[in-house]
Amino acid sequence: MSTDDDAPPADPELGDLALALIGSRFSVAPKRLLAPGPTPAQLQQLVEAAASAPDHHDLLPWRLVRIADDQRERLAALFEACSRERLPPPDEADVARARAKAFRAPTLLLAVLRLRPEDPEVPESERAVTLGAALMALLLAAHGMGYGAMLTSGRSVRTVRFARAFRLAADEQALCFVSIGTPSEVQRRARPSAHELLADWAPDLGT
Ligand SMILES: Cc1cc2nc3c(=O)[nH]c(=O)nc-3n(C[C@H](O)[C@H](O)[C@H](O)COP(=O)(O)O)c2cc1C
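First, a word on scope: everything that follows refers to the structure included in this document. (Residues numbered from 1 in each chain as written. Predicted model: local features only at pLDDT ≥ 70, side-chain atom pairs only at ≥ 80, totals over all residues. Heavy atoms only, no water.)

Secondary structure summary: the protein chain contains seven helices and five strands in total. Seen along its three principal axes, the alpha-carbon backbone of the protein chain occupies a region of about 65 × 45 × 35 Å. Across the 207 residues of the protein chain, 32% fall into the buried class. Considering only residue pairs separated by 6 or more positions, the protein chain has 83% of its internal contacts joining residues 24 or more positions apart. Accessible surface, the protein chain: about 13,400 Å² in total, of which carbon and sulfur atoms supply 56%. On the protein chain, the mean spot of the 24 positive side-chain charges and the mean spot of the 28 negative ones are 15 Å from each other. (Helix = DSSP H or I, 4+ residues; strand = E, 2+ residues; numbered from the N terminus. Buried < 20%, exposed > 50% of the residue type's maximum accessible area, 1.4 Å probe, protein only. Contact = heavy atoms within 4.5 Å. Areas by Shrake-Rupley, 256 points an atom, 1.4 Å probe, with all protein chains shown as cover. Lys, Arg positive; Asp, Glu negative; His and termini not counted. Charge placed at Lys NZ, Arg CZ, Asp CG, Glu CD.)

Here's what the structure looks like:
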């Protein structure tokens, strides 16, 4: 809703910059993310950008876990163990593919959704929206810094073994990995038009 009292945007150029940033962001697959990744100071800025996400009742329903370079072999072993638990059992090529994912992208984070403290006004879906918004802010900030990034999940992150290995609390869920690095290649994808996503309300007149 707009009123005559609406203040004009403080900086009209900001809108153009925001649209340019958002419109030029595309995910870059982890295997195409090379060194260097963000510096420690840049990573801090990225996490602080993520913290700008809307958050009902300020519950901070997420956290990020960094997987260090010297922990990649341990992560590969975890991916292997998770893949060997699957039915039907994987062949050795499947296992090798699962292991290889641990070594991609110079910066690798795990995004964790936190479902406590309980708050009757903030259902799980709203908490997931906060984490999604946080991740989008992080992706955009990374893009603005010249890095590529991508969210990936896979079946392993939803296993009990995985939750145990990352010491997740009973009220936490691993959502996805965030891979960040220097893109070796960018593939642009078509975006849906507003026409496909926006319609005027046509109320049910019987209600
Ligand atoms: C939580 C989450 C998990 C995802 N996991 C995967 C995944 O495991 N593999 C994959 O190819 N894409 C995955 N995606 C989709 C990609 O991150 C990305 O959004 C998609 O490739 C479209 O690229 P775009 O960001 O350039 O539009 C996931 C997206 C989200 C939001």
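Once the structure has been displayed, the description carries forward.
We now examine the packing of aromatic side chains. Tallied over the full model, the rule gives three aromatic pairs. Ring geometry for Phe 162 versus Phe 166: centroids 4.7 Å apart, planes at 25°, classification stacked. When sorted by exposure, Phe 162 lands in the same class as Phe 166, which is buried. Both rings, one in Phe 162 and one in Phe 177, keep their centres 5.9 Å apart while their planes meet at 85°; by these two values the pair is edge-to-face. Highlighted residues: Phe 162 in helix H6 (residues 160-165) and Phe 177 in strand S5 (residues 172-183), separated in sequence by 15 residues. Residue Phe 162 is classed as buried on the basis of its relative accessible area of 0%. Residue classification places Phe 177 among the buried positions, given a relative accessible area of 4%. Grouped by ring-pair contacts, the aromatic residues Phe 79, Phe 162, Phe 166 and Phe 177 constitute a single cluster. (Phe/Tyr/Trp six-rings, centres within 6.5 Å; stacked < 30°, edge-to-face > 60°.)

The next point concerns unusual backbone geometry. A cis amide bond links Leu 87 to the next residue, Pro 88, at an omega of -5°. The residue Pro 88 is located in the loop between helix H3 (72-84) and helix H4 (92-100) in this model. Residue Pro 117 follows Arg 116 across a cis peptide bond; omega there is 0°.

Around the ligand sit Arg 25, Phe 26, Ser 27, Met 150, Leu 151, Thr 152, Ser 153, Gly 154, Cys 176, Arg 189 and Arg 191, and that is every residue in its neighbourhood. The contact in question runs from an oxygen atom of the ligand to an N or O atom on the side chain of Arg 189, over 2.6 Å. Contact with the protein chains removes 57% of the 620 Å² of surface that the ligand exposes when unbound. It is strand S4 (residues 148-152) that contributes the most residues to the shell around the ligand, three residues altogether. Class assignment for the residues of the shell around the ligand results in four nonpolar, four polar and three charged. (Near = heavy atom within 4 Å. Polar contact = N/O pair within 3.5 Å; in protein donor to acceptor, adjacent residues only side chain to side chain. Nonpolar A, V, L, I, M, F, W, Y, C, P; charged D, E, K, R; others polar.)

Okay, the pairing of S5 next. In this structure, strand S1 (residues 33-34) lies alongside S5, joined through two bridges in antiparallel fashion. For Leu 33, the partnering residue across the bridge sits in S5 and is Pro 183. Direction of pairing for strand S3 (residues 107-114) relative to S5: antiparallel, over a ladder of eight bridges. Note on S5: the bridge partner recorded for Leu 108 is Ser 179. (Pairing = 2+ DSSP bridges.)

The next point concerns the environment of Gly 181. Within the secondary structure, Gly 181 sits in strand S5. Separated by 71 residues in sequence, Gly 181 and Leu 110 have C-alpha atoms that sit 15 Å apart. Those residues in contact with Gly 181 that sit more than four places away from it in its chain are Leu 33, Leu 34, Pro 36, Gly 37, Pro 106, Tyr 147 and Gly 148.

On to the pattern of salt bridges. Overall, the coordinates contain nine salt bridges when judged by the stated rule. Glu 172 is paired through a salt bridge with Arg 63; the nearest N and O atoms lie 2.7 Å apart. You can see Glu 172 sitting in strand S5 and its partner Arg 63 sitting in strand S2 (residues 62-67), a full 109 residues away along the chain. We classify Glu 172 as buried; its relative accessible area is 13%. (Salt bridge = Lys/Arg side-chain N within 4 Å of Asp/Glu carboxyl O.)

Interpretation note: all reported values are geometric properties and have no functional meaning in isolation.
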